[in-house]
Amino acid sequence: MTWRKWSYMDHWVTETPQGPQPPSFNRAYMDRYIKQLSSLGFTGFDTFFFYLPVYAGMYGSVKRFEEHLQDNGFEKITGIFSAYPSATRWAAPHVRETHDRIVADSESIMRMIEGLSVENFIVMPTSTHWQTEPVTDETIKVVADLWNRVGRMTLQHGIRTTCHFEFWGAIRTREQLETFFEYTDPELVFAFIDTAQHTIAGVDPVQLFREVRDRVTGFHFKDTHDVDRQEQYRTPPDPELQAPYTQRWFYEMGTEGGLVDFPALMREIVASGYDGWLTVEHDKAELGGGSYAEATAVAKHYIDTVLAEAERAARGEATR
Amino acid sequence: MKDTLRWAYGLNQWNFRLDVFVRHEDHRRALQTLAATGFDAVELPSGTGRWDNIARPEVILRNHGTAEAFLEFLRSSGVQQVSSVFWDPSAPAEEEENYAFRFARNPADSDAIVEWSVPIVDFTSAVGAEQLVVRPAHSAWMGAPLAPEEYAVLGALWNRVGRRAADAGVGLALHYDCLSAVHTAEDVERLLDATDPELVGFALDTAELTIGGIDPVAFYEAHADRVTHVHLKDTRHRDAGEEYRMPGAESTMLKGGAGRRIERWFYELGTEGGLVDVAGLVDALRAHDYRGWVVVESDHGGNPAELVMLNSWYLQHELGIAKA
């Protein structure tokens, strides 16, 4: 048996009469995009909170959008991503005075997906490192308090709050991650492992998964060519697109020179008994002339071949 | 695709310009894209020479050494076989007398074209492809309409190539295109009548026929015994009359909009406003127990990976064919 629960994170750029745009450009492009993902065999769809009103407008409601996904071979919307990458005076996870606003925002998102069976509310736990530093024990405690509050609230809506760490975020090292998980309630706050982000930050995602397995509710499977050894994570205002020494951080699975050991992670996932969604993400795949469509197909080929083999091997080991 | 019909995909949409689709890494990504969408056989495109690392036989062999090594390269990226090889002798190539122009209608050119076909036939056989698909005549705008007696010249030429192909265990299929001097249904019938059915088949291209004013389903029903190869793609437009005769029609009609601002002629299966009855043709192929390859194409259409996905989606969801 090969893994059935593969979802796709809603980054995509396609050529339109008005230049390269996301498929949310209009309904026709959106319909094509859904068919394209479906043709590859993805059955879960993760998206950003800010697309929910767009899709509701385009399809009638978020529920109707999900029904359209289902008409095209998907099971459901699996995750909603929310973030405050830039700290502002209104919302910054490390500033306790802004927490009410963030909780209210999160509650508003819960209302938008009421009645659906979304599993993960995926959040960036902090803003940029350069806006948050110095990152102290107390900083992490404040951030943890926020997500404990949000986690309690989203569980009342049947959805788990799960934290997706960026290489440029304020919680990025092994020690900071450990502290964060210590300060957050394991019943309320979960972990979402982005393979590339952790690798860039110098954290082995396979080892991290082993350590926090019981709290993991999802993954972004993407690769990178670089570990940040020059403190590029501190580049203001945005280390993802303005790092001085690295033009492009993220690559699809199967990329030559990729640093993530996906087969090892797959074996670990199978051995652990994890049975949730695995999500393919391509972020900024168009940098250097790449195509989201091709990157997605190449990644799916990698899943169908290399990861399927790793999975088979792991299942064989598990039964011995 | 798991089906009683055999499905392949044309690589021509990636090879859309002289200096693109050159590096092996580019080939690998295209092949993996096809594998991930359920296509495990490919048709190799025609080419001119330099940079045709997945088209011209001599260049492929320069890259990979042997046909078997080339096949191994394909297999390592998830594509198991070559269904067919396309060759357009009216397009100049390095290996064909250094970009010589020769015309199939000209009896004095026949020997050279037959000689040019030898390495193509040999390579087609060596990679285990079943069909050599050829452009049988030049573009209509390049000369006077074909006189009835010129069909005998075309027929004799393609019979000779067909014989060589048959000796190598390969079928020869004459491909219809909407710019060809062989344009109407009567023209096609005249060409087929001039050839030996044992040696020469017909490559039915759904969009090209439709643009040329021929209903591909009706044509197939009438000539199923001669159809040995199929190219499946859609179109939203028909030639308004004599557009195929526009000087430089490859540019002025297919790329220049034919004076009526048509930005694109070829579309993916299931396109809105598509004129081709794709499901009808597939039903007809099944009804006639068609044994050849069905090659899905999307040339001149846009992002190749996106179009492959849409075509795969159509086969899976509209025709009910399992991907694997």
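So, here's what we can say about the structure. (Residues numbered from 1 in each chain as written. Chains lettered and ligands numbered in written order. Predicted model: local features only at pLDDT ≥ 70, side-chain atom pairs only at ≥ 80, totals over all residues. Heavy atoms only, no water.)

### Observations concerning the interface of chain A and chain B
Test applied: Contacts: residue pairs with any heavy atoms within 4.5 Å of one another. A quick way to say it: buried area is the sum, across both parts, of accessible area lost when two parts are put together, with a 1.4 Å probe. In the sections that follow, a salt bridge refers to a side-chain nitrogen of Lys or Arg positioned within 4 Å of a carboxyl oxygen of Asp or Glu.
Taken residue by residue, the interface counts 23 residues in chain A and 23 residues in chain B. Of the roughly 1800 Å² buried between chain A and chain B on both sides combined, carbon and sulfur atoms contribute 51%. On the chain A side of the contact with chain B, Ser39(A), Glu294(A) and His301(A) bury the most area, a combined 31% of that side's loss. Counting across the chain A and chain B interface gives three salt bridges.

### Regarding the sheet that holds strand 6 (residues 120-123) of chain A
All names here are of chain A. The test is simple: When DSSP finds two or more bridges between two strands, those strands count as paired. Helix and strand definitions follow DSSP, with helices as H or I runs of at least four residues and strands as E runs of at least two, each counted in order from the N terminus. With axes taken as lines fitted to C-alpha atoms, and helix axes fitted only over the stretch in contact, angles between N-to-C directions fall between 0 and 180 degrees.
Ordered by their spatial adjacency, eight strands build a closed barrel running 1-4-5-6-7-8-9-12, and the pairing between neighbours is parallel. Neighbour-to-neighbour, the strand axes of this sheet turn through a mean angle of 30°, independent of strand direction. Here strand 8 (residues 189-194) pairs with strand 9 (residues 216-221) via four bridges, running parallel. Opposite Asp194, over in strand 9, you have His220 as the bridge partner. Contacts from helix 3 (residues 62-71) reach strand 4 (44-48) and strand 5 (76-82) within the one sheet, and its direction differs from that of strand 5 by about 130°. This element, helix 6 (residues 137-156), spans strand 6, strand 7 (160-164) and strand 8 of the sheet and lies at about 140° to strand 7.

### Notes on the nonpolar core
The cut-off we apply is this: Think of a nonpolar core as a cluster: buried Ala, Val, Leu, Ile, Met, Phe, Trp, Tyr and Cys residues, connected wherever their side-chain atoms sit within 4.5 Å. Only protein chains enter the area calculation, which uses a 1.4 Å probe; residues under 20% of their type maximum are buried, those over 50% are exposed, and those in between are partly exposed.
Formed by 100 residues in total, the largest nonpolar core has its most connected members in Phe180(A), Phe219(A) and Phe221(A). Sort the elements by how many residues they give to this core and helix 12 (residues 292-319) of chain A lands first, with 10 residues. Counting residues in each nonpolar core, the second largest holds 96 residues, with Tyr9(B), Val121(B), Tyr220(B) and Val308(B) among its members.

### Observations concerning the side chain of Asp223(A)
Worth spelling out the cut-off: Here a polar contact means two N or O atoms within 3.5 Å. Within protein one must be a hydrogen donor candidate and the other an acceptor candidate, and residues neighboring in sequence count only if both atoms are side-chain atoms.
Locating Asp223(A) in the fold gives a position in strand 10 (residues 223-224). Polar contacts involving the side chain of Asp223(A) include one to the main-chain amide nitrogen of Val260(A), which spans 3.0 Å.

### Here's the deal with the environment of Ile200(A)
Residue and element names in this part refer to chain A. Mapped onto the elements, Ile200 comes out in helix 8 (residues 195-200). When the C-alpha atoms of Ile200 and Met112 are compared, they prove to be 34 Å apart, with 88 residues separating the residues in sequence. Leave out the neighbours within four places in its chain, and Ile200 touches Phe167, Thr224, Asp226, Val227, Asp228, Trp249 and Phe250.

### Some details on the packing of helix 2 (residues 52-59) of chain A against helix 3 of chain A
Residues and elements named next belong to chain A. Put simply, the rule is: The labels follow the angle: roughly parallel below 35 degrees, roughly antiparallel above 145, roughly perpendicular from 65 to 115, and oblique for the rest.
Running from N to C, helix 2 and helix 3 point in directions that differ by 75°, and their axes come no closer than 7 Å. Relative to helix 3, the element helix 2 is oriented roughly perpendicular. Contact with helix 2, carried on its side by Leu52, Tyr55, Ala56 and Tyr59, involves Val62, Arg64, Phe65 and His68 of helix 3 and no other residues of that element.

### Digging into the packing of aromatic side chains
Aromatic ring pairs are reported here in terms of the distance separating the ring centres and the angle at which the planes meet. All names here are of chain B. We count it as follows: Aromatic rings from Phe, Tyr and Trp, taking only the six-membered ring of Trp, are treated as a pair when their centres fall within 6.5 Å; an angle between ring planes under 30 degrees marks them as stacked, one over 60 as edge-to-face, and anything in between as tilted. Lysine NZ or arginine CZ positioned within 6 Å of the ring centre and within 35 degrees of the ring normal marks a charge as sitting over the ring.
One pass over the full model with this rule turns up 31 aromatic pairs over all chains. Relative to Trp14, the ring of Tyr9 has its centre 6.3 Å away and its plane inclined at 65°; by these criteria the two rings are edge-to-face. Here Trp14 falls in the buried class, since its relative accessible area comes to 6%. Looking at Arg190, its charged tip hangs above the ring of Tyr151, at a distance of 5.4 Å from the centre. The residue whose ring lies beneath Lys233 is Phe266, and the NZ or CZ to ring-centre distance is 4.7 Å.

### Quick notes on the sheet that holds strand 3 (residues 81-87) of chain B
Sheet architecture is closed into a barrel: eight strands sit in the order 1-2-3-4-5-6-7-10 (chain B), paired in parallel fashion. With direction set aside, neighbouring strand axes in the sheet form an average angle of 30°.

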